Amino acid sequence: MNAADKKRLLREMLYARRFEERCYEAYVERKIGGFLHLYPGQEACVHGVMEAAKPGHDYVITGYRDHVHAIQCGADPKKVMAELYGKETGSSKGRGGSMHIFDVEHRFMGGYALVGGPFPLAAGIGKAIKLQGGDEISICFLGDAANNQGSFHESLNMAAVWELPVLFVCENNLYGIGTRIERSTAVQEQYKRACGYGIEAARVDGQDIETVYEAALKAVDYVRSGKGPYFLELSTYRYRGHSMSDAGAYRTKEEQQEWIKRDPINLFKERLIEAGELSEEDFQSLDKEIIEQIDRDVIPFAEESPEPKLEELEKYVLAENDPWVKGGAQ
Amino acid sequence: MAELMYWEAIRRAHDEEMARDPMVIAMGEDIGVAGGTYKATQGLYDKYGAERVIDTPISENGYTGLGIGSSFLGVRPIIEIMSVNFAWLATDQIVNTAAKVRYMSGGQLEAPVVIRSPGGTAHQLGAQHSARMEKVFMGIVGLRVVTPSNPRQAYGLIKSAVRCNDPVFINEHELMYNMKDVVPDDEYFHPLEGSEVAREGKDVTIFAYNISVHWALQAADILSRQHGIEAEVVDLYALNPLDREGIRDSVSKTHRAVIAEEAEPAVGVGSEVMAIINEECFFELDAPPMRISARNVPIPYNRTLEKAAIPNAQDVVNGVLKMFGK
Ligand SMILES: Cc1ncc(C[n+]2csc(CCOP(=O)(O)OP(=O)(O)O)c2C)c(N)n1
Ligand SMILES: [Mg+2]
C-alpha cells in the first residue's frame, strides 16, 4: 500500500465509523426503526479484506450487521441511509431495512437476519462462479457465534469437497449477543474448526488493518487461483451493544477499555502520523469534512426521499408478467 | 389476585415447575446469564444453576433435538426459541421427531418437551423477523399448539404443558411481554384444549387468538358503542386441536362468524375455523363467514407498508360492518 492508499483507507474507516454513529442518532430520534446492529470497533475487518479483494467485482454476503460491508462494496451511503429510513430510494426500496441491505449492482448480495443463513448461499455463489468460469470470488463475512450453526459445518464441507472459490471471513468479536464465546463454543480459535474440513485457514489481529490486509491478500490470491476455499479469522471487538436494544451489560468496563486502546482507526492513524504521512490536523479536518458531508448529503437525502407507495405493497412478491406462469407464450 | 406482566407470568411458571421437579430444565439462547431476551427466565440461572438453566449455542435444530432426546429419558425441557423465525431451523426435530416418536415407536417413547417462542410482527423487524408460524405448527399431527393471549393463560399454559406428556408448542408474541393482567395467586393449570369466551355477545362471533384477541375486544367495544352490534369474542388459545364444540356453540348462538388472524389467509387459523363451521353448523349461518387476515406479503420494513400488511381492530370493525351490510 502506498501513502495515498493508506490515507484513503483511513478516511474510509473513519467514514464508516461516523456513518454508524449517525445511524445511532437517527435511531434515537426514531427516524430508524426495527433492529439496528452497528459496526464500530470492527472497521479494520471489512476494510482490510475488501482492500485486498476487488469490490464491485467479487461477491460479498453477510449477516445483519451489514451497512459498512455494503458501502465497502460500492453501495452509495445515501441509499443505505435511505433504506434505514424506509424510503423508496433506499437500497432495498425501503422494504428491507437495516438487516437487509442489498446492492446487487455492486455485487453486495445482501444482509440476512438468520444467523448462519449466508454460509450455504456463499458456497452457492462460489458454485455459480465456478460453473460460469469467472475469476470472481465469493466472500462471506459472519460472526464467531454463527459457527455453531449446522449450516457452517455443512457449507464448509461442501466448499472444501467441491473446491469452491469462497473466502469465509470470521469476524470474531468474542460474543454472540450476550453470550461470551467460551460459554457457547468448545473450540474458541475458529480457524481450527475450518481445519477440520481440510480448509486453509489463518487467524490474525483484526484491529490492525495492515495485518488484515496482508492476510487477506494471501487468502484472496489463494481462492482466486482456484485452490478452493479459505477461512480467515479476524479477532476483533464491537463497541456498542449487539443491537440498539442491548446495553451490553454483560461485558466489563476493563475489557472494553482494553479493546478501545487498540481501536483500529486510532492504531492506523498513529502509525501514519509516526511515518510522517499524516498530521493530527489532517486527521481532524478529515473528520470534520466527513461529518459535514454526512450531514449535508446523506441525511437530507434520506429525510427528503419519498416513502414507498402503498399501492406497491405487493410488488416484488413474485415475478411480474412471467409468461411461464401460464405455460409460456404459446 | 396479583397483576403480573406476561413475561413475569412465564417466569413464575418456570420457577414453580423447576422448584417442584429437578428434571424440569430451561434452555435457549441468552436465557441464562442474560435472563432471556424478554426476561422470561430472569433470575433462574442464579437460582437453579448452569446445569438446569442452559445458555445454548446458536444451534436451533441442535438444541431442540437435544432437548427432545433428553425428554426420552424423563427430562422435561422448556425450550425457548428466541423468535419463531428461528424456529424454522428447528422444524426438523419438532416435526420429524417430537411430533411422531410416540406413534412410530408404537407408544414406547414420548417427547414431553415444551417449546416456547414469540411470533408475530413487532415494529419494523423486517421480512425475516416477522413470521407468524402458528399456522405451520397447528397443521402438525402429534404436536399440541397453544397461544396465550394474556398473562393468566401464559402462566397456566406453561404449567400444564410441562406436566403434559405430549410435545407442546407455545406461540407467544413479541409485543405482549409487557402486557399486565391478573394471574391467580394459587397454582393454576390452564387446559391445553378448548377455548374461552372473552366477551359475550349475541350478534356475531369474532374468533381470535393471541394478539388478535385484543383487536377483537377493541373492535367489539367500538361495534357496541357506535353501531349497536354485540359481538362475542372467542379466544382460541388452543390451535391444535381447535375447539370444535366451542366454535359450534358460539356460531349456533350468533349465526355469524368473523375470524381475526395475524397471519396471511391461506392454510391458516381462519380457513380451519371456517372448515369446522362448515362441518359442524353450516345451517346455523346467516351470512358467509369472513376472515380478517394479513396481506399476502413478506413483512416490509417501511412502517407504513408494515402497518398496511397486518390487520388491526379497525379492520375487524370494518369487516363486521360489511357483513351487516353497513
Ligand atoms: C437463526 C437465528 N438464531 C438466533 C438469532 C438471534 N441472533 C441474532 S445475532 C445473534 C448473535 C450472533 O453472533 P455472531 O455470529 O458472533 O455475530 P455478531 O453479532 O457478534 O457480529 C443471535 C443469537 C438469529 N438472528 N438467527
Ligand atoms: Mg460475535
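Predicted model, so just to flag it, every value in this text is computed and none were measured.

Colleague: Help me out: how do you make sense of the layout of surface pockets in this one?
Modeller: Rolling a probe over the atoms, with the probe sized like a water molecule, indicates the empty space that remains. For the second largest pocket, the calculated volume is near 330 Å³. Arg95, Gly96 and Tyr316 of chain A together with Ala127 and Pro298 of chain B are, among the 18 residues lining the second largest pocket, the residues nearest its centre.

Colleague: What should I look at first to understand the coordination of the magnesium ion (ligand 2) in this one?
Modeller: The expected angle between donors at a tetrahedral four-coordinate metal is 109.5 degrees. At an octahedral six-coordinate metal it is 90 or 180 degrees. Residues and elements named next belong to chain A. Protein coordination at the magnesium ion (ligand 2) comes from Asp144 (OD), Asn173 (OD1) and Tyr175 (O), with a distance range of 2.0 to 2.1 Å. Donor residues binding the magnesium ion (ligand 2) come from one chain and are separated in sequence as D-x28-N-x1-Y. You can see Asp144 sitting in the loop between strand E3 (138–143) and helix H6 (150–161) and its partner Tyr175 sitting in strand E5 (residues 175–176), a full 31 residues away along the chain.

Colleague: Whenever I open this one, the side chain of Asn173 of chain A confuses me. Can you help?
Modeller: Residue and element names in this part refer to chain A. With respect to the element layout, Asn173 can be found in the loop between strand E4 (166–172) and E5. Looking at Asn173, its side chain comes within polar contact range of the side chain of Gln42, at 2.9 Å. Sequence-distant contacts of Asn173, defined by excluding residues within four places in its chain, comprise Gln42, Asp144, Thr236, Tyr237 and Arg238.

Colleague: Please clarify how the packing of helix H9 (residues 211–227) of chain B against helix H13 (residues 313–323) of chain B should be interpreted in this entry.
Modeller: Packed helices, taken two at a time, are described by their axes: the angle between them and the distance between them. All names here are of chain B. Orientation of H9 relative to H13, taken along the N-to-C sense of each, is 50 degrees, at an axis distance of 8 Å. When the interaxial angle is binned, H9 and H13 end up oblique. Between H9 and H13 lies a crossing whose hand is right-handed. Residues Trp215, Gln218, Ala219, Ile222, Leu223 and His227 of H9 pack against Ala313, Gln314, Val316, Val317, Val320 and Leu321 of H13. Looking at side-chain class alone, the contact of H9 with H13 contains nine nonpolar, three polar and no charged residues.

Colleague: So what exactly am I meant to see when it comes to the environment of Ala161 of chain B here?
Modeller: As for its position among the elements, Ala161 of chain B is in helix H8 (residues 151–163). Separated by 85 residues in the primary sequence, Ala161 of chain B and Arg76 of chain B place their C-alpha atoms 9.9 Å from one another.

Colleague: Explain the domain arrangement of chain B to me, please; I cannot follow it from the model alone.
Modeller: Size of an interface, as often reported, equals the accessible area lost when the parts are brought together. Residues and elements named next belong to chain B. For chain B, the assigned domains are domain 1 (2–183) and domain 2 (196–323). Once you take the C-alpha centre of each, domain 1 and domain 2 turn out to be 26 Å apart. Contacts between domain 1 and domain 2 engage 32 residues on the former and 31 residues on the latter. Both faces combined, the contact of domain 1 with domain 2 buries some 2400 Å², and carbon together with sulfur accounts for 50% of it. Counting across the interface, domain 1 meets domain 2 through three salt bridges.

Colleague: Teacher, can you tell me more about empty space enclosed by the protein here?
Modeller: Residues and elements named next belong to chain A. All told, the structure shown has three cavities of 30 Å³ or more when counted by the stated rule. Approximately 50 Å³ is the volume attributed to the largest cavity. Among the residues forming the lining of the largest cavity, the class breakdown is four nonpolar, eight polar and no charged. Space inside the second largest cavity adds up to approximately 40 Å³. Taken together, Phe119, Cys140, Leu142, Gly143, Asn147, Phe152, Phe168, Val169, Cys170 and Phe231 make up the full set of residues lining the second largest cavity. Listed by contribution, the elements that provide at least two residues to the lining of the second largest cavity are E3 and E4. Looking at the lining of the second largest cavity residue by residue, the class counts come to eight nonpolar, two polar and no charged.

Colleague: Explanation requested: the site of ligand 1 in the structure shown.
Modeller: Neighbouring ligand 1 are 22 residues, the closest being Tyr64, Arg65, Ala113 and Asp144 of chain A together with Glu60 of chain B. More than a single chain frames ligand 1: its nearby residues are located in chains A and B. In this structure, Ala146 of chain A approaches ligand 1 through a main-chain N or O atom, which is 2.9 Å from an oxygen atom. His242 of chain A is positioned with one of its side-chain polar atoms (N or O) 3.4 Å from an oxygen atom of ligand 1. Here ligand 1, which alone exposes 580 Å², has 96% of that area covered by the protein. Taken together, the residues that form the shell around ligand 1 break down as 12 nonpolar, six polar and four charged.

Colleague: Which parts of the structure should I look at to understand the sheet that holds strand E3 (residues 53–55) of chain B?
Modeller: Whether parallel or antiparallel, the strands of a sheet pair through hydrogen bonds between backbone atoms. All names here are of chain B. What the seven strands build is an open sheet, ordered E3-E2-E4-E5-E7-E6-E12; its pairing is mixed. Each end of this open sheet is capped by a strand with a single partner; those strands are E3 and strand E12 (238–240). Strand after strand, the sheet turns through a mean of 20 degrees between neighbouring axes, direction not considered. Across three bridges, the pairing between strand E2 (residues 24–28) and E3 is parallel. Counterpart to Gly28 in the pairing with E3 is Asp55.

Colleague: How should the sheet that holds E3 of chain A be read in this particular structure?
Modeller: Residue and element names in this part refer to chain A. The parallel open sheet is built from six strands, whose spatial order is E2-E1-E3-E4-E8-E7. Since the sheet does not close on itself, it has two edges, and those belong to strand E2 (108–111) and strand E7 (200–205), each with one partner. Neighbour-to-neighbour, the strand axes of the sheet open up by a mean angle of 15 degrees, direction not taken into account. Sheet topology note: the E7/strand E8 (residues 230–235) ladder contains six bridges and is parallel. Looking across to E8, one finds that Ala201 is bridged to Phe231. Taken strand by strand, helix H2 (residues 43–52) contacts strand E1 (59–62), E3, E4 and E8, and its axis lies near 170 degrees from that of E3. Each of E1, E2, E3 and E4 touches helix H5 (residues 118–132); the most contacted strand, E3, lies at about 170 degrees to it.

Rules and cut-offs
- One numbering rule holds for all chains: residues counted from 1, following each sequence as written.
- Following the order in which they are written, the chains are lettered starting with A and the ligands numbered starting with 1.
- Predicted model: local features are reported for residues with pLDDT of at least 70 only, side-chain atom pairs are reported and counted for 80 or more only, and whole-chain, interface and lining totals are derived from all residues.
- Calculated side-chain values reflect all of the structure's heavy atoms, with hydrogen atoms and water omitted.
- Buried and open spaces are told apart on a 1 Å grid over the protein atoms alone, a cavity being a set of points where a 1.4 Å probe fits but cannot get out and a pocket being an open set with protein on both sides within 12 Å along at least five of seven lines. Residues with an atom within 4 Å of a point are the lining residues.
- Grid points are joined across faces, edges and corners, and a volume is the space filled by probe spheres set on the points.
- Donor selection uses N, O and S atoms within 2.8 Å of the metal (3.2 Å for Na, K and Ca). Since no water is included, sites may look incomplete.
- Think of it this way: any DSSP run of H or I at least four residues long counts as a helix, any run of E at least two long counts as a strand, and we number them from the N terminus.
- Here a polar contact means two N or O atoms within 3.5 Å. Within protein one must be a hydrogen donor candidate and the other an acceptor candidate, and residues neighboring in sequence count only if both atoms are side-chain atoms.
- Between two residues, a contact is recorded if the distance between any of their heavy atoms is within 4.5 Å.
- Angles shown run from 0 to 180 degrees and are taken between the N-to-C directions of axes, each axis being a line fitted to C-alpha atoms and, for helices, limited to the stretch in contact.
- Any angle that is under 35 degrees is reported as roughly parallel, and any over 145 degrees as roughly antiparallel; angles of 65 to 115 degrees are reported as roughly perpendicular and all others as oblique.
- Each crossing gets its handedness from the near helix: less than a right angle anticlockwise from the far helix is left-handed, clockwise is right-handed.
- All amino acids are sorted into three groups, where Ala, Val, Leu, Ile, Met, Phe, Trp, Tyr, Cys and Pro are nonpolar, Asp, Glu, Lys and Arg are charged, and the leftover types, Gly among them, are polar.
- Residue ranges for the domains originate in an automatic or database domain assignment.
- Buried area is a sum: the accessible area each of two parts loses on coming together, probed at 1.4 Å, counted once for each and added.
- Any carboxyl oxygen of Asp or Glu within 4 Å of a side-chain nitrogen of Lys or Arg constitutes a salt bridge here.
- Whether a residue is near a molecule or strand is decided by its heavy atoms; if any one of them lies within 4 Å of it, the residue is near.
- Each accessible area value is a Shrake-Rupley result obtained with a 1.4 Å probe; residue values ignore everything except the protein chains displayed when judging cover.
- In short, DSSP must find at least two bridges between two strands for them to pair.

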